[in-house]
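For reference, the chains in residue letters:
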Amino acid sequence: MVIMGVSGAGKTTVGVLLARAMKCRFYDDFHSLENKEKMQKMIPLTDEDRLPWLETLRELLIDHIIRGEQVVLACSALRRIYRDILRSADLDFAMQNDSSFEDKSNRTKKDATKNLSWIDEKFNVPDVKSYDRKVVFIYLHGITELFAARVETRHKKGLHYMPPTLLESQMDTLELTEDEDDIMIVTAALQPENIVKTVLCKLFLLKKE
């Protein structure tokens, strides 16, 4: 399971709790030193910056899939092409999607919706997905003001290298398409414990109370 979303969405907090509930490993923060230094200097990462990072995460997922182990991973995964790289840890997906990174990157930039209003509509309909793919995404959805307040607080405390000024860049980069049926959408405004309970209910691992 990949916990995705922009900075301040709560990926690490939720990921730690979810992994604990599922009794599996949790992984976070695989960015290179060069990437961290760029972000500290308020320079947004490019696709080229992110590619080695995403390939490292994919190899990590492959390793756990081969061993038949569950794992929780925190990764912003803002664009569809980034998520497709992680999805390709599943051999079935990889064999059906063999386009190059550059080709798919150009296509998804054009095809992905920037109007995310449909996400809010999804909260009002029953969730009937089974999420039985080998790689499943949990998108922590929320408003910019919520994330900005969280990022500002932790940055002042020196708890993270990500400066608040880069949040807008991440929000601009974020793209989702309605046909991605392996993404579970959960509101980031919930308490982390309730987010975990919601995820487990949707995964049919916990009976709804």
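Given the structure is predicted, the values throughout are model-derived calculations rather than measurements.

Peer 1: Could you give an account of the overall build of the protein, with specific residues and numbers?
Peer 2: Within the protein, the regular secondary structure consists of ten helices and five strands. Looking at the protein residue by residue over its 209 residues, the buried ones come to 45%. Partitioning the contacts of the protein with sequence separation of at least 6, the portion at a separation of at least 24 is 74%. For the protein, the accessible area works out to roughly 11,400 Å², and carbon and sulfur atoms hold 52% of it.

Peer 1: I'd like to hear about the pattern of salt bridges, residue by residue, with values.
Peer 2: Opposite charge on two side chains lets them pair, provided their charged atoms get close. A full pass over the atoms with the stated rule returns 13 salt bridges. The partner of R67 in a salt bridge is D63, with the nearest N and O atoms 2.6 Å apart. Among the salt bridges present, the one from R79 reaches E175, with a minimum N-O distance of 3.5 Å. Pair noted here: R79 is in the loop between β3 (71–74) and α4 (80–87) and E175 is in the loop between α9 (167–173) and β5 (183–187), with a separation of 96 residues, a long-range link. Summarising the burial analysis for this pair, R79 and E175 share the class buried.

Peer 1: Mind laying out helix α3 (residues 47–66), listing which residues take part and the relevant values?
Peer 2: The periodicity of an α-helix, 3.6 residues per turn, causes residues three or four places apart in sequence to face the same way. Taking 1.5 Å of rise per residue, 20 residues should cover 28 Å, and α3 covers 28 Å from first to last C-alpha, within 8% of that figure. Looking at α3, one finds that the buried residues are D47, D49, R50, W53, L54, L57, L60, L61 and H64. Positive phi shows up at G68, right after α3, with a value of about 70°.

Peer 1: So what's going on with the nonpolar core? Which residues, and what values?
Peer 2: Within the largest apolar cluster, 49 residues are counted, with the highest numbers of intra-cluster contacts made by M1, L18, I138 and V199. For this core, the elements supplying multiple residues, two or more each, are β1 (2–4), α1 (11–22), α3, β3, α4, β4 (137–141), β5 and α10 (192–202). Beyond its immediate stretch of four places on either side in the chain, L18 contacts M1, I3, V72, I138, V196, V199 and L200.

Peer 1: Break down the packing of aromatic side chains for me, with residues and values.
Peer 2: Taken as a whole and assessed by the stated rule, the structure comprises zero aromatic pairs. A cation sits over an aromatic face here: R79 above Y82, 5.7 Å from the ring centre.

Peer 1: Please provide a residue-by-residue account of the sheet that holds β4, values included.
Peer 2: Pairing is parallel across the open sheet formed by five strands, whose spatial order is β2-β3-β1-β4-β5. Looking at which strands have only one partner, the edges of the open sheet turn out to be β2 (25–27) and β5. Taken over all neighbouring pairs, the strand axes of this sheet differ in orientation by 20° on average, direction set aside. As paired strands, β1 and β4 are joined by three bridges and run parallel to one another. Within the sheet, the bridge partner assigned to V2 lies in β4 and is F137. On the sheet, α4 packs against β1, β4 and β5 and is oriented at approximately 150° with respect to β4. With respect to the sheet, α10 is in contact with β4 and β5, its orientation differing from that of β5 by roughly 150°.

Peer 1: Can you explain the confidence of the model for the protein? Please cite residues and give values.
Peer 2: Predicted confidence across the protein gives a mean pLDDT of 80, with 76% of residues reaching 70 or more. In the model of the protein, helix α7 (residues 117–122) stands out as the element of lowest mean pLDDT, 46, in contrast to β1, which has the highest, 97. Confidence drops under a pLDDT of 50 for residues 103–128, and excluding neighbours within four residues, the segment shows 45 contacts in the predicted structure.

Reading the values: rules and limits
Residues numbered from 1 in each chain as written. Predicted model: local features only at pLDDT ≥ 70, side-chain atom pairs only at ≥ 80, totals over all residues. Heavy atoms only, no water. Helix = DSSP H or I, 4+ residues; strand = E, 2+ residues; numbered from the N terminus. Buried < 20%, exposed > 50% of the residue type's maximum accessible area, 1.4 Å probe, protein only. Contact = heavy atoms within 4.5 Å. Areas by Shrake-Rupley, 256 points an atom, 1.4 Å probe, with all protein chains shown as cover. Salt bridge = Lys/Arg side-chain N within 4 Å of Asp/Glu carboxyl O. Expected span 1.5 Å × (residues − 1). Core = buried A, V, L, I, M, F, W, Y, C linked by side-chain atoms within 4.5 Å. Phe/Tyr/Trp six-rings, centres within 6.5 Å; stacked < 30°, edge-to-face > 60°. Lys NZ or Arg CZ within 6 Å of the ring centre and 35° of its normal. Pairing = 2+ DSSP bridges. Axes fitted to C-alpha atoms, helices over the stretch in contact; angles between N-to-C directions. pLDDT = per-residue confidence, 0-100.

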